[in-house]
Each structure stands twice: as C-alpha cells, then as structure tokens.
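# A closer look at the structure
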Amino acid sequence: MTDTAWINAALTSARPQAVGALLRYFRNLDTAEEAYQNACLRALKSWPINGPPRDAAAWLIMVGRNVAIDGLRRDRRQQPLPEDDVISDLEDTETEIAERLDGSHYRDDILRLLFICCHPELPATQQIALALRIVSGLSVKQIARAFLVSEAAMEQRITRAKARVAEANVAFETPGAVERAERLSVVAAMIYLIFNEGYSAGGDTANARAPLCEEAIRLGRLLLRLFQSEPEIMGLNALMLLQHARAAARFDAQGSLVLLDDQDRSKWNAEMIAEGLALIDKAMRHRRSGPYQIQAAIAALHARARRPEETDWVQIDLLYGALELMQPSPVVTLNRSVAVSKVKGARAALEMIEPLAPKLANYFHFFGVRGAFLMQLGRNEEARVAFDRAIALANSPAEADHIRMHLDRLMRDSRAKISGK
Amino acid sequence: MLYAILCYHDEDVVGSWNKEHDAEIMNKLAVVQDKLRQQGRLGPVARLLPTTAATTLRKSDPPLVIDGPYAETKEQLLGFYIIDCKDLDEALNVARDLGDANPGGAYEIRPVNVLFPGSIKA
C-alpha cells in the first residue's frame, strides 16, 4: 500500500470519531466538518514526513480544533470589542492528553453524529445521503452515483438535509441510558436503510450500489465496537453480512436476479458467512431476542444449507412466526408464506396470503409470490394474471425480467399440455 | 527454538482493503510462508475474524463472560489454543475447564477465519 493509500484509509477510519468530537466542541456541523477537512490537509502534509501519529483520531481532533479556533480568533480581531473569550478554556495544554484518555466520550460522540442524520422529518433517502456524507465521508459524487442521480441534485439534497438538521436542537449533553438506547435503535434502523439501498439494487446497478452495502457493514461494525453487549446490534451486523455474502451469486451475467434456490452457492462469501454465524452465536447467549436477530437467524439457516434441499424450512417458518408477533406486517407474513409453501404446500401458502391482498395491492412481490403459488397449483390462467400485475408494478427492469421468466415457463407448460393432448 | 509471531494491525484499515488488495497481500505472504513450509519450518497459521466477533472469559470466581475482545493492559499474552467446537457455547465451556485448571487472568475467544495447518513435525 502506498503512503497516500495508507493515510486515506487511516483518515476514513478516524473520521466518525474526529468529526463527532469536533461537533461536540463547536456544536455546529459545518464548523466541525471544515475543521476536520483542515486537519486532513495538514495530515497529508505532515504524516508522510513525520510518520503516522499513534492515535490518528486524537491528532485530527486536536489539530482540527486548533485550526478552527485560530480562524475564530482571526474573525474576532476584525470585530470591535471582542468581549468574552469563550474558547479560552479549550486552550490548556493538557487537553490533548485528556482527549486521548477520555475514550468514553467517543461512544456518545459517534452515536450523536449518526443520530443527527436520523432526524424524523428527513425522508429516508436524505437520512442515508447525510450519513454517507457526514459520517462516512463519501464525496457527493460517490453518493450521487450510488443513488443514480446527478451530482447537482445530490448536492442540493444534502444541503437541504443539513439545514433541517441545524434547526433541530440535538442535545449535546451526555445522554442517559434510556435516551442512549433510543438513539441506538434509530441509528441501527438508519444503517439497515443504507444497506437495503444497496441490497435492493437491480443487476444493472448492483455494482454501482454495492459500496452502500459495504459502507453499512462498516458502520455496523463501528457501532458494535462501541456497544459490544447489544444483541440487536450483533444481529444487525450478522444480518447484513449474511445477506451481502450472497452478492456474487444474486445476479446472472445478463443482470437478472437469481433466486436463492438457483444460486451457485460456491460463489457465496465464506468469510462473511463465518462472521455472521459467529455474531448470531454471540447474540443468542443474551437471550434477548429482537427483529434483527430473528432475520439474521433466518439468513443463517439459508447460509448453512449447502444445497437448497437442505434448507430447514420448518425452522424458518417458526422464526417468521416469531417475527410476525414482534413486528406484525403484511410483508413479513408474505415472506413467511414462502416457508409455509415449502413445509405445507402451495395451497396453505396461498390461503395465508389471500387476506393480505387489500394491503399489498401495489406491492410487486405480493403478485410475484402469488403467481408462483398459483403456478405450483396448476392454476395457470390466474398465475398469468398475477404475473402481469407484478410486471406492471416492477421497480426495476431486473424484477420485470425475472417475472417474465416465470411467464415464459407458463407458456411452455401450456403449449406442452396442448401438444400432449 | 520455536517462535510465535503475533500479528497486530488496525482492523479498520485492513477491513477497508478491497478484495484485490487483500488477495495481493495474501499472495505476497504466501510466498514467504511457502518457503518456510517446504523447509518444514512453518507451524499453523491463522487469520482471525474481526474483534467484533470476539468474546472474553474473565477467569474470576465465578468466571465472567464479556462481549468483545480482551481490552485490559494489566495482563500479558502468554499463550494460545486452537480448538474445534460446534459453537461459541462449546468453546466457552472448554475455556471454563481450562480456567478451572489455571485460575486468574482471562481468555479471549475469537473465531478463526482461515487456518493453514503448517509443516513442522511434532
């Protein structure tokens, strides 16, 4: 690795901690970001000559703060009557040492930094864009590419989101236990949103959006290192790793989605699966179940099956049952119906999803799954109607192509039947 | 004399390597390892999963299980085991047995990602 590559990696990894601490000092996101940028510029000059500091984050915090304070002081000098020197108490020479020793701040600094991106008034896409910009430090160009929008549009989106965040008064005091737990769960949901933004991409855009999955996993690991005993954060990490482990097998050469049953399992990433399984193991010991852990356990049962026939569908059905109780939602029931179709057959599965029709009337997957069950039952005409509806609702060309494949199979079957008569 | 070489690095930095860079490093390491292996001088080599997958058993009375890696600085690394277990609970039970035999200190239990057996004759 070259010098610059090493420094870039170190800067990226220190960023959440450094920006989080600078935000605590200056209580202003723009000032904090600018201070961090300035510190990075100095690092790029100083580190190749003097070697990397022992604690990169502490170095960046100290340098960033000093540069920003100098700037503030210069601005002051141009104003008449500089009254109270609010920054004087930050000047003592001990602060550097104190900063290094006081690791307990870091946890709440980083959590706060993630949390301010989750402002409830921000739509999900803005939360994600903001987190990627502020916490991960991706460039606007990189984020724009992942969201498939122009750089100018993304720039505007982020600026707007930042303005919203600035208006919201996020508490800078050290949070209490209850507040910390709430922040943690909101932040976990946001990280999973980032992951899904990448994971739900079609084959044509999967490569451009894969960095979103990787970034979500990086943030998940960061959160787990800060909150080591939280089983749901272990579950979230396991879930993301187990899903992302299948990335190389999820699309064929034409970019069409390959169903789990048809994936080449030798392309699954064994290392990510091992890590995901190890995290579930750790989480289970706490005996405090939660939605991420259950979804991770379901993903683990798929990951453990070397061939589709070895999948433990009975257990998956039970886990979905538990998830339904915890987080009742028609989508969860729809997912469960696939397991039910494997355990009890397509008729039982179809009966299970019929009541969902009003709620999922515009949901692509509902019609895809319904069509598949109908096809298994030989009700081809009804299956065709469901598949047509699914194509009309498809979110990407890959989804539509996938359903067309089913339709082609239906046509072949019908033709075979006619010629067989 | 047998020597153990213990590998330390910033896992954030290593974790941020892309697949190509990771493979490049592993290939370079393999060249060094292969030479030693052919000479019958290479013992087992392991690459561990990240510290987020670690669990620590404090050998107090009773032993205390803590999530995360061993993080104190008052004890020093004195040895290690590689054991084959079906899950974390089984590994923790082995660690408890070892702790009964030798109380005090701690064991960090970390899943092994890859293990190369090596070529030293016992």
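The rules behind the values
- Residues numbered from 1 in each chain as written.
- Chains lettered and ligands numbered in written order.
- Predicted model: local features only at pLDDT ≥ 70, side-chain atom pairs only at ≥ 80, totals over all residues.
- Helix = DSSP H or I, 4+ residues; strand = E, 2+ residues; numbered from the N terminus.
- Buried ≥ 20, exposed ≤ 12 C-beta atoms within 10 Å, placed from the backbone.
- Contact = placed C-beta atoms within 7 Å.
- Expected span 1.5 Å × (residues − 1).
- Arc of directions from axis to C-beta.
- Nonpolar A, V, L, I, M, F, W, Y, C, P; charged D, E, K, R; others polar.
- Pairing = 2+ DSSP bridges.
- Axes fitted to C-alpha atoms, helices over the stretch in contact; angles between N-to-C directions.
- pLDDT = per-residue confidence, 0-100.
- Core = buried A, V, L, I, M, F, W, Y, C linked by C-beta atoms within 7 Å.
- Parallel < 35°, antiparallel > 145°, perpendicular 65-115°, else oblique.
- Left-handed = near helix turned anticlockwise from the far one by under 90°.

### Here's the deal with the overall build of chain A
Within chain A one finds 19 helices and zero strands. Oriented by its inertia axes, the alpha-carbon framework of chain A measures out at about 95 × 45 × 45 Å. Looking at chain A residue by residue over its 421 residues, the buried ones come to 38%. Within chain A, contacts between residues at least 6 apart in sequence are counted, and of these 63% link residues at least 24 apart.

### Quick notes on the overall build of chain B
Scanning chain B from terminus to terminus reveals three helices and five strands. Traced from its N-terminal end to its C-terminal end, chain B shows the element sequence α-α-β-β-β-α-β-β. Projected onto its principal axes, the C-alpha positions of chain B cover 45 × 40 × 30 Å. The buried share among the 122 residues of chain B stands at 15%. At a minimum sequence separation of 6, the contacts of chain B that also span at least 24 residues come to 71%.

### Examining helix 8 (residues 151-167) of chain A
All names here are of chain A. Between its first and last C-alpha atoms helix 8 spans 25 Å; for 17 residues at 1.5 Å apiece the expected length is 24 Å, and the two agree. Listed as buried for helix 8 are Met154, Arg157, Ala161 and Val165. Taken around the axis of helix 8, the buried residues stretch over an arc of 70°, which confines them to a single face. The exposed residues of helix 8 that point more than 90 degrees off its buried face are Ala152, Thr159, Ala163 and Glu167.

### Quick notes on helix 17 (residues 364-376) of chain A
Residue and element names in this part refer to chain A. Compared with an ideal rise of 1.5 Å per residue, which puts 13 residues at 18 Å, helix 17 spans 19 Å between its outermost C-alpha atoms and is within 8% of the ideal. Counting buried residues along helix 17, ten of its 13 residues qualify, which places the element largely inside the surrounding structure. Along helix 17, the positions that sit buried rather than exposed are Phe366, Phe367, Gly368, Val369, Arg370, Gly371, Ala372, Phe373, Leu374 and Met375. Of the residues trailing helix 17, Gly378 is marked for its positive phi of about 75°.

### Some remarks on the interface of chain A and chain B
With 18 residues of chain A in contact, the opposing surface of chain B contributes 15 residues. For the side of chain A that touches chain B, the secondary-structure elements that each account for two or more residues are helix 1 (3-26), helix 10 (206-226) and helix 12 (270-284) of chain A. Per-element tally for the side of chain A that touches chain B: the top contributor is helix 12 of chain A, with seven residues. Broken down by class, the residue content of the side of chain A that touches chain B amounts to six nonpolar, five polar and seven charged.

### Here we look at the sheet that holds strand 2 (residues 55-58) of chain B
All names here are of chain B. Here three strands make up an open sheet; going across it, the order is 3-2-4 and the pairing antiparallel. Each edge of the sheet is formed by a strand with only one pairing partner; in this case those strands are strand 3 (64-67) and strand 4 (106-109). Strand-to-strand twist in this sheet, taken as the mean axis angle between neighbours without regard to direction, amounts to 20°. Sheet analysis places strand 2 next to strand 3, joined by four bridges and oriented antiparallel. Its bridge partner lying in strand 3, Arg58 is registered against Leu64.

### A short note on the confidence of the model for chain B
All names here are of chain B. When the pLDDT values of chain B are averaged, the result is 92; 99% of them are 70 or greater. Mean pLDDT in chain B bottoms out at helix 1 (residues 11-15), which sits at 83, and peaks at strand 4, which reaches 97. The ipTM, which scores confidence in the relative placement of chains, is 0.90 for this predicted complex, and the corresponding pTM is 0.87.

### Some points on the nonpolar core
All names here are of chain A. Membership of the largest hydrophobic core comes to 120 residues, with the highest contact counts inside it found for Leu22, Leu60, Leu114, Ala131, Val187, Ile191 and Leu242. Take this core: its biggest share by element is ten residues, from helix 1. Ignoring any residue separated from it by four or fewer positions in sequence, one finds Ala131 in contact with Leu114, Cys117, Ser136, Met190 and Ile194.

### Quick word on the environment of B:Val94
Residue and element names in this part refer to chain B. Summarising the element assignment, Val94 is placed in helix 3 (residues 88-101). Note on Val94: 16 C-beta atoms within 10 Å, which makes it partly exposed. Taking the C-alpha atoms as reference points, Val94 and Gln38, separated by 56 residues in sequence, lie 34 Å from one another. What Val94 contacts, discounting residues up to four positions off in sequence, is Ile83 and Cys85.

### Some details on the packing of helix 7 (residues 140-147) of chain A against helix 8 of chain A
Residue and element names in this part refer to chain A. As a packed pair, helix 7 and helix 8 sit with axes 9 Å apart at the nearest point and diverge in direction by 105°. The angle between helix 7 and helix 8 falls in the class roughly perpendicular. Here Val140, Lys141, Ile143, Ala144 and Phe147 of helix 7 lie close against helix 8, whose contacting residues are Glu151, Met154, Glu155 and Ile158.

### Structural notes on unusual backbone geometry
A cis geometry characterises the amide bond from B:Asp61 onward to B:Pro62, with omega recorded as 0°. Phi at A:Arg287 takes a positive value of approximately 50°, unusual for a residue other than glycine. Tracing the backbone shows A:Arg287 in the loop between helix 12 and helix 13 (291-304).

### Regarding the environment of A:Gln327
Residue and element names in this part refer to chain A. Mapped onto the elements of the fold, Gln327 is located in the loop between helix 14 (313-326) and helix 15 (330-343). You can call Gln327 partly exposed: it has 13 C-beta atoms within 10 Å. Discounting chain neighbours no more than four positions away, the residues touching Gln327 are Pro291 and Val332.

### Considerations on the packing of helix 11 (residues 231-244) of chain A against helix 12 of chain A
Residues and elements named next belong to chain A. Two elements in contact, helix 11 and helix 12, have axes separated by 8 Å at closest approach and are oriented at 160°. Judged by the angle between their axes, helix 11 and helix 12 are roughly antiparallel. Remark: the crossing between helix 11 and helix 12 carries left-handed chirality. Of helix 12, the residues touching helix 11 (which contributes Pro231, Met234, Gly235, Asn237, Ala238, Leu241, Leu242 and His244) are Met272, Ile273, Glu275, Gly276, Leu279, Ile280, Lys282 and Ala283. The residue inventory of the contact of helix 11 with helix 12, partitioned by class, reads ten nonpolar, four polar and two charged.

### Let's talk about the confidence of the model for chain A
Averaged over every residue, the pLDDT of chain A is 87; residues scoring 70 or more account for 92%. Below a pLDDT of 50 lies the segment residues 81-94 of chain A, which in the model reaches six contacts outside its immediate sequence neighbourhood of four places, other chains included.

### Points about the environment of A:Leu319
Residues and elements named next belong to chain A. Along the chain, the position of Leu319 falls in helix 14. Taking C-alpha positions, Leu319 is 7.7 Å from Ala297, a pair spaced 22 residues apart along the chain. Those residues in contact with Leu319 that lie beyond four places of it in its chain are Ile294, Ala297 and Ile298.

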